[in-house]
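Below are the chains, spelled out letter by letter.
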Amino acid sequence: MSGDRVPPGAFPRPEDGEAPLTLAAALDALPKVELHCHVEGTMRPATVVELATRAGIPLPTTDVTELYSYGSLDEFLSVFWLVQSTLTTRDDWARLGYESVLDAAAHGRVYAELFFTPARHLAAGSALGDIVAGLAEGLAAAEAETGSVAMLIADIDRAFGPSAGVAMVDELGRLRRAGTPGVERVLGVGMDSTELGVDPASFTDAYRLAARHGFRLTGHQGENSPPSAIATLVDALGAQRVDHGLSLVDDPELVTRFAAERIGLTVCPNSNIRIANAFPALADHPFPAMRAAGLLATLNTDDPALTDLDLGYEYASVAAAFDYSFDDMVAIALDGVTASWLPADDARALRTRIHTTADALRPRLLTALTAYPEHPEG
Ligand code: ADE
Ligand code: ZN
């Protein structure tokens, strides 16, 4: 990764044409898919402060550099819930969707399936139809500006219990049957929040109902729960993808099965370091072991604003930590398409776009030699 040591800003941006590129800049420009990103976790701190002030919601600090601080997954979830609480109107959700896609598109994200977790709002009396319509309006406006597409996954919040999950899915089904504006963006149902002490099987009814309504299924599991919980998510709840899926590596038999069945794992290495404190450093993350075992392990940011990440950095830092080549990273981007819920024609077109852009970027990549040319005077 010698190219990364070239000072930032030393070269023009990728879209400037033929200029040489560091690996990090090329990966930022590469068209990428993201399947594990919470829209609330993309909220700009300045937007949180503005919405909180308008709604009269007290914040622990209005210093945007200090708002997003936490020392554990539980503390992180408290910050996440505070951020969620500032979304009080349909327009707030529209603004969030708009800014979220704009920020991700700036780092080469061209397609996403984004989580939103409305349990808190539904419990407080908000209408799911308003949340979905607001989000969809913001996503569509940003899509028109950037060409970056975002679909939605409605996440059940485990902390609110199984019956709240069933109620949300039931309402989602009703909105779909009624043709409520924006609901066509919701492709699937998932679940997030705390895993500890929660048996995933208790959400079987909600997942069965979601499947009956024609929704795709995923779920957070294995961030800090054992591999048996991942097996339950897939076998009892019928999940087609697993979000995080980290602990899978502790069960070699399950790894072999998941690799054979090409079950998508939406892995978030930097989040696992910064939020869950699962490993001391990126170099300790099992992502390369997951890939080497043949798992369909994709790369994602989880909560980029709350962790000061973006998808370009996620790719660049993983490449640096594991000495992956540009083409290794292109293969990971293509696996993002495979694990997505895109219709076959759209998936094919996106794969072609990734290959075409990669072919244009590859000759511009700086090598160790071009990054450090010998000094003319020796
Ligand atoms: N909600 C947002 N980010 C999350 C994470 N990393 N784990 C569980 N729930 C979440
Ligand atoms: Zn997540």
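For the structure, check the block above.
Just so it is clear, the model here is predicted, and its values are computed rather than measured.

Colleague: Would you explain the overall build of the chain in this entry?
Modeller: Scanning the chain for helices and strands turns up 17 helices and nine strands. Against the 2.2 N^0.38 benchmark of 21 Å for 378 residues, the chain shows a C-alpha radius of gyration of 21 Å, consistent with a compact globule. Along the three orthogonal principal directions, the C-alpha set of the chain runs to about 75 × 50 × 40 Å. The buried share among the 378 residues of the chain stands at 56%. Across the chain, contacts joining residues at least 24 apart in sequence account for 74% of those joining residues at least 6 apart. Put simply, the chain shows about 15100 Å² of open surface, and 55% of that area lies on carbon and sulfur atoms.

Colleague: I tried to follow the side chain of Arg185 on my own but got confused; where do I start?
Modeller: You can see Arg185 is positioned in the loop between helix H7 (162-178) and strand E4 (186-192). Judged by relative accessible area, Arg185 falls into the buried class, the value being 12%. In contact with Arg185, not counting residues within four places along its chain, are Ala136, Leu139, Ala140, Glu143, Ala150, Met151 and Leu152.

Colleague: Hey, could you run me through the packing of helix H14 (residues 311-322) against helix H15 (residues 326-339) in this one?
Modeller: Any two packed helices are characterised by how steeply their axes cross, that is the angle between the axes, and by the distance between the axes. Two elements in contact, H14 and H15, have axes whose closest approach is 10 Å; the angle formed by their N-to-C orientations is 135°. In terms of orientation, H14 and H15 fall into the oblique class. Regarding H14 and H15, the two cross each other, and that crossing is right-handed. Residues Tyr315, Val318 and Ala319 of H14 form the contact with H15, whose participating residues are Met329, Ile332 and Ala333. Of the residues assigned to the contact of H14 with H15, the class counts are six nonpolar, no polar and no charged.

Colleague: What's the story with the layout of surface pockets in this structure? I'm lost.
Modeller: In this structure, the second largest pocket encloses a volume near 350 Å³. Residue lining of the second largest pocket: 20 residues in total, with Asp103, Pro304, Ala305, Leu309 and Asp310 positioned closest to the centre. Only helix H4 (90-105) and helix H13 (304-307) provide two or more residues apiece to the lining of the second largest pocket. If one sorts the elements of the lining of the second largest pocket by residue count, H13 sits on top with four residues. Partitioned by chemical class, the residues of the lining of the second largest pocket number nine nonpolar, five polar and six charged.

Colleague: Sorry if this is basic, but what is going on with the environment of Leu67 here?
Modeller: Positionally, Leu67 belongs in the loop between helix H2 (45-55) and helix H3 (73-85). Taking the C-alpha atoms as reference points, Leu67 and Pro45, 22 residues apart in sequence, are found 7.0 Å from one another. Contact partners of Leu67, with chain neighbours within four places excluded, come to Pro45, Val48, Val49, Leu59, Thr61 and Val79.

Colleague: In this structure, what is going on with the nonpolar core? I would like to understand it.
Modeller: By size, the foremost hydrophobic cluster in this structure holds 108 residues, and its most contacted members are Phe116, Phe258 and Phe326. If we skip the residues at most four places from it in the chain, Phe326 touches Leu23, Ala26, Leu27, Leu30, Ala358, Leu361, Arg362 and Leu365.

Colleague: How do you make sense of the site of ligand 1 when you look at a structure like this?
Modeller: Around ligand 1, the neighbouring residues are His38, Leu73, Phe76, Leu77, Phe80, Asp192, Ser193, His220, Glu223, His244, Asp302 and Asp303. In this structure, a nitrogen atom belonging to ligand 1 sits 2.9 Å away from a main-chain N or O atom of Ser193. Between ligand 1 and Asp303 there is a distance of 2.7 Å, counted from a nitrogen atom to a side-chain nitrogen or oxygen. Here ligand 1 occupies the largest cavity. Among the elements that line the shell around ligand 1, the one with the most residues is H3, at four residues.

Colleague: Just to check I follow, could you spell out the sheet that holds strand E5 (residues 216-217) for this structure?
Modeller: The strands making up a sheet associate through hydrogen bonds between their backbones, and the pairing can be parallel or antiparallel. Overall, parallel pairing links the five strands, which are arranged E1-E2-E3-E4-E5 in an open sheet. The open sheet is flanked by strand E1 (32-34) and E5, the only strands paired with a single partner. Pairing between strand E3 (residues 149-157) and E4: six bridges, direction parallel. Each residue of the ladder has a partner; that of Asp155, found in E4, is Gly190. On top of the sheet, H7 reaches E3 and E4; it is set at about 145° to E3, its chief contact.

Rules of the game
- Residues numbered from 1 in each chain as written.
- Chains lettered and ligands numbered in written order.
- Predicted model: local features only at pLDDT ≥ 70, side-chain atom pairs only at ≥ 80, totals over all residues.
- Heavy atoms only, no water.
- Helix = DSSP H or I, 4+ residues; strand = E, 2+ residues; numbered from the N terminus.
- Rg over C-alpha atoms; globule rule 2.2 N^0.38 Å.
- Buried < 20%, exposed > 50% of the residue type's maximum accessible area, 1.4 Å probe, protein only.
- Contact = heavy atoms within 4.5 Å.
- Areas by Shrake-Rupley, 256 points an atom, 1.4 Å probe, with all protein chains shown as cover.
- Axes fitted to C-alpha atoms, helices over the stretch in contact; angles between N-to-C directions.
- Parallel < 35°, antiparallel > 145°, perpendicular 65-115°, else oblique.
- Left-handed = near helix turned anticlockwise from the far one by under 90°.
- Nonpolar A, V, L, I, M, F, W, Y, C, P; charged D, E, K, R; others polar.
- 1 Å grid on protein atoms, 1.4 Å probe; cavity = no way out; pocket = protein on both sides within 12 Å on 5 of 7 lines; lining within 4 Å.
- Points joined across faces, edges and corners; volume = space filled by probe spheres on them.
- Core = buried A, V, L, I, M, F, W, Y, C linked by side-chain atoms within 4.5 Å.
- Near = heavy atom within 4 Å.
- Polar contact = N/O pair within 3.5 Å; in protein donor to acceptor, adjacent residues only side chain to side chain.
- Sits in = over half its atoms within 2 Å of the grid points.
- Pairing = 2+ DSSP bridges.

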